[in-house]
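# Structural characterization, general
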Amino acid sequence: MDREDRRRYFVVGSVIIEVVTPILQQRIKDDQTFRAFGTLQDYLNNPQIKHILFHLRHNNVWCCNNTNNCVHSGSLPLNYRQWGILYSKTTGPCRHNCHCKYTANAVQLDDPDISLSCIILLNCCNLTSNEYNTIQNLRQMKNNFLSHNTEGAITADEYKSVWPDLTAYVLQLDNTKEDHLIRIENRPLDEALCHKYNAILLDIHQKLDEIGASIQGVDETIQRIDTTTNAIGRTVQRNETAVNRIDQTVTGTNTAVMGIQATMEELLYYAKRGITCQCSIDKCQQQVKQVKESIKPYKLGQSIFTLHHQINQTSVVGERVGVTDIVMMDDGRLVMCITDKRRLLICHTDGSQVDIIDVQGMPWSVTAVNNSTVAVTLYYSECIEMYDIHNKLKLKSISLPGRLWGRGITTINNKLIVGGDNRLLIIDHQTGEVVQRIQTECDPWRLHGSRDRIFYCDYNNNNNKLYWYSYTDDRHRSLKLPSLPRSMTTLQDGSLYVVCSDRSVQHVSSDGKQCKPLKTLQTTPDWHYKIGYNLIHRKLVIVDNKLIKIFNEL
């Protein structure tokens, strides 16, 4: 692959994203049905439109009030991410899981990408036969030359066939775009923008969403592991480092499935960028079997951890607010938010080798994205910032609608989650796109992602409930605790430790139905008290203002 091959890919990708996608979005707006409603949200809430799109994501389901028009196709063009962009599930009297139980999100016309725009146009809009064929051709061209192009390059011979057809299709839809096409064809390669377009256009990115949403729970993971690893095997090549990481993660516990799952998602992430990486299919299957056979749940309230040592960070963080959040990376280092000092503090669990990353805003909450990257929410800001803690570099800033204030952040299925106004926002950290909005009955404050569940609490309303949302059945649940929950973490058996405002640490069962206080971890926390567990190191870390306590698992 030479630079010109890369530039040709950049040119074609730029046309698809900068010219074709806006044309398709405008064509949706021009549809007769759309004009009757005026906004995309109202358009998507039209029962006829909603019914059509519902059956493009849900198969073998009969709707309660429109059975005669239910259509069941062999494939499901809409993936989980796309459906989540358009609709959210609501409560209602209907006993069926049909389209009447969903309502459109507040999506804007520029939110759907080319794939989603094509699906809406081809299935819901009134198109001429020429429009229909042209949109189909553009969709097929994108699939043929961009969707699986992990190299991010187009050869000269391919370009000779692609460019004339691409320009012809564009001008058939909008003959005013000729100058745009000429300008794009002559533009120099912008490597950073090309990398971004590569991530947006690859369908494997959407496949990652599907895998992340469908691998839920141990049993389902076991059933799907063979299919998933086969898919990886077709995409990437062997890399023993990934297998070794799985060896480290599998510790003979139920939660080790999370590590295997995360590694598989990481493999797809690498594959998207053309990096060679392979997981042994037989090894994955064997290790998951061992995990399933060795699940040993804890007894609620039992003594599980013993204090190893303490680190007093007063000399580093000062006398004021102290540490507002902490995460233990898989390499054993601690990353802490020092809000009033506007910095991230990085050190080993013994307090040695302290590094500092200065932050322009006030870092409030932190989560690990991968072994070298963290994502941080900022107080009084609408941004998430991502940092490379190895090189102490800021990687990017993701702007979101509305201020995050003192909201937490977590990760699940290789996505970022932050709390919004009565909703959870699921964010693709590669593109900065909000891929899903999950409605909640409160304003989520502290967050914690584990397996298929997102745990959260409501700090501002004196609400003693611990809430969680489950991707498995798309439901919210809650458990009332003795007092206000402030921080939570998941242990290796799926149960939780939850710190409450009455200075207790509650041990919550994995099914979320029972809790019992821990006598060995009673605390005198202030409002910044934070708790976290790292599976690989089997360590519990507790922050009480400026005092960091490290516990080893018995």
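Keep in mind that what you see is a predicted model, and the values were worked out from it rather than measured.

## Remarks on the overall build of the protein chain
Per the secondary structure count, the protein chain includes 16 helices and 26 strands. Burial status across the protein chain gives 54% buried among its 554 residues. Taking as baseline every contact in the protein chain between residues at least 6 positions apart, the subset at least 24 positions apart corresponds to 57%. A total of about 24000 Å² of accessible surface is found on the protein chain, and carbon and sulfur atoms cover 45% of it.

## A few points about the pattern of salt bridges
Within the structure shown, the criterion is met by 13 salt bridges. The salt bridge partner of Glu-4 is Arg-7, with a shortest N-O separation of 3.3 Å. Highlighted residues: Glu-4 and Arg-7, both in helix H1 (residues 3-30), separated by 3 residues, approximately one helical turn. On the basis of relative accessible area, Glu-4 is assigned to the partly exposed category, the value being 37%.

## Concerning the sheet that holds strand S12 (residues 409-412)
The strand order S12-S13-S14-S15 describes an open sheet built from 4 strands, whose pairing is antiparallel. The sheet is open, and its two borders are formed by S12 and strand S15 (433-439), each paired with just one other strand. For this sheet the average axis-to-axis angle between neighbouring strands, irrespective of direction, equals 30°. Taken together, the 6 bridges between strand S14 (residues 423-428) and S15 define a ladder with antiparallel strand orientation. The residue of S15 that forms the bridge with Arg-423 is Gln-439.

## So, unusual backbone geometry
Residues other than glycine predominantly adopt negative phi, and peptide bonds predominantly adopt the trans conformation. Although it is not a glycine, Asn-413 sits at a positive phi angle of roughly 50°. Here Asn-413 lies in the loop between S12 and strand S13 (415-420). The residue Arg-538 is not glycine, and still its phi comes out positive at about 50°. Looking at the secondary structure, you find Arg-538 in the loop between strand S24 (530-534) and strand S25 (539-544). Here Arg-538 falls in the partly exposed class, since its relative accessible area comes to 28%.

## Observations regarding the packing of helix H6 (residues 114-124) against helix H7 (residues 129-145)
Taken N-terminus to C-terminus, the directions of H6 and H7 make an angle of 150°; their axes are 11 Å apart at the nearest point. Considered as vectors, H6 and H7 are oriented roughly antiparallel to each other. Two packed elements cross with a definite hand, and for H6 against H7 that hand is left-handed. Counted together, Ile-114, Ser-115, Cys-118, Ile-119, Leu-121 and Leu-122 of H6 and Tyr-132, Ile-135, Gln-136, Arg-139 and Lys-142 of H7 form the full contact between these two elements. Looking at the contact of H6 with H7, its residues break down into 7 nonpolar, 2 polar and 2 charged.

## Let's talk about the environment of Phe-551
Among the structural elements, Phe-551 can be located in strand S26 (residues 547-553). The spatial distance from the C-alpha of Phe-551 to the C-alpha of Ile-304 is 9.4 Å, given a sequence separation of 247 residues. In this structure Phe-551 touches Phe-305, Thr-306, Leu-307, His-308, Leu-521, Arg-538, Lys-539, Leu-540 and Ile-542, once residues within four positions along its chain are discounted.

## Overview of the nonpolar core
Grouped together as the largest cluster of nonpolar side chains are 56 residues, with contacts concentrated most on Val-15, Tyr-43, Leu-44, Leu-53, Tyr-87 and Leu-166. Counting residues per element, this core draws most heavily on H1, at 11 residues. Excluding residues within four positions of it along the chain, Tyr-87 makes contact with Leu-44, Ile-49, Lys-50, Leu-53, Tyr-102, Thr-103, Ala-104 and Asn-105. Membership of the second largest hydrophobic core comes to 16 residues, among which are Val-505, Tyr-529, Leu-535 and Leu-540.

## Section: the confidence of the model for the protein chain
In the predicted model, the protein chain carries a mean pLDDT of 79, and 74% of its residues have values of at least 70. Low pLDDT, under 50, characterises residues 205-227; the predicted model gives this stretch 48 contacts beyond four residues in sequence or across chains. Every residue in residues 233-285 scores below 50 in pLDDT, and together they form 123 contacts with partners more than four places removed in sequence or on other chains.

## Considering H1
Between the first and last C-alpha of H1 there are 40 Å, a value that for 28 residues agrees with the 40 Å anticipated at 1.5 Å per step. Val-20 marks the point of greatest bend in H1, at about 35°, and the proline Pro-22 comes within the next four residues. A large share of H1 lies buried, amounting to 20 of its 28 residues.

## Digging into the side chain of His-55
With respect to the element layout, His-55 can be found in the loop between helix H4 (47-54) and helix H5 (80-86). Within polar-contact distance, the side chain of His-55 engages the side chain of His-51 at 3.1 Å.

## Quick word on the sheet that holds strand S19 (residues 475-480)
Read across the sheet, 4 strands follow the order S16-S17-S18-S19 without closing on themselves; strand pairing throughout is antiparallel. The strands lining the two open edges of the sheet, one partner per strand, are strand S16 (447-450) and S19. Adjacent strand axes in the sheet meet at a mean angle of 20° when their direction is disregarded. Across 5 bridges, strand S17 (residues 453-457) lies against strand S18 (residues 465-470) in antiparallel orientation. Opposite Ile-454, over in S18, you have Tyr-469 as the bridge partner.

## A look at the packing of aromatic side chains
If you walk through the whole model with that rule in mind, you get 14 aromatic pairs. Here the aromatic rings of Phe-305 and Tyr-533 are separated by 5.8 Å at their centres, their planes lie at 70°, and the arrangement is edge-to-face. One end of the pair, Phe-305, is in strand S3 (residues 305-312); the other, Tyr-533, is in strand S24, and 228 residues separate them in sequence. Using a relative accessible area of 7% as the deciding quantity, one classes Phe-305 as buried. Looking at Tyr-533, the relative accessible area reads 14%, which means it is buried. Measuring from ring centre to ring centre gives 5.9 Å for Phe-455 and Trp-468, while their planes differ by 45°; the resulting arrangement is tilted.

## Some words on the packing of helix H8 (residues 156-173) against helix H9 (residues 178-185)
With their axes 10 Å apart at the nearest point, H8 and H9 run at an angle of 155° to one another. One finds that H8 runs roughly antiparallel with respect to H9. For the pair H8 and H9, the crossing hand works out as right-handed. Counted together, Tyr-159, Trp-163, Thr-167, Val-170 and Leu-171 of H8 and Glu-178, Leu-181 and Glu-185 of H9 form the full contact between these two elements. Taken together, the residues of the contact of H8 with H9 sort by class into 5 nonpolar, 1 polar and 2 charged.

## A look at the pairing of strand S20 (residues 485-490)
In summary, the side chains of a regular strand alternate between the two faces of the sheet. Within S20, 6 of the 6 residues are buried, which leaves the element mostly enclosed by the surrounding structure. Both S20 and strand S21 (residues 496-500) contribute to a ladder of 5 bridges, which runs antiparallel. Bridge pairing in S21 links Met-488 to Val-498. Linking S20 to S21, which pair antiparallel, is a turn of 5 residues; within it Gly-494 sits at a positive phi near 95°.

What counts and how
- Residues numbered from 1 in each chain as written.
- Predicted model: local features only at pLDDT ≥ 70, side-chain atom pairs only at ≥ 80, totals over all residues.
- Heavy atoms only, no water.
- Helix = DSSP H or I, 4+ residues; strand = E, 2+ residues; numbered from the N terminus.
- Buried < 20%, exposed > 50% of the residue type's maximum accessible area, 1.4 Å probe, protein only.
- Contact = heavy atoms within 4.5 Å.
- Areas by Shrake-Rupley, 256 points an atom, 1.4 Å probe, with all protein chains shown as cover.
- Salt bridge = Lys/Arg side-chain N within 4 Å of Asp/Glu carboxyl O.
- Pairing = 2+ DSSP bridges.
- Axes fitted to C-alpha atoms, helices over the stretch in contact; angles between N-to-C directions.
- Parallel < 35°, antiparallel > 145°, perpendicular 65-115°, else oblique.
- Left-handed = near helix turned anticlockwise from the far one by under 90°.
- Nonpolar A, V, L, I, M, F, W, Y, C, P; charged D, E, K, R; others polar.
- Core = buried A, V, L, I, M, F, W, Y, C linked by side-chain atoms within 4.5 Å.
- pLDDT = per-residue confidence, 0-100.
- Expected span 1.5 Å × (residues − 1).
- Bend = angle between axes of the 7 residues up to and from the residue.
- Polar contact = N/O pair within 3.5 Å; in protein donor to acceptor, adjacent residues only side chain to side chain.
- Phe/Tyr/Trp six-rings, centres within 6.5 Å; stacked < 30°, edge-to-face > 60°.

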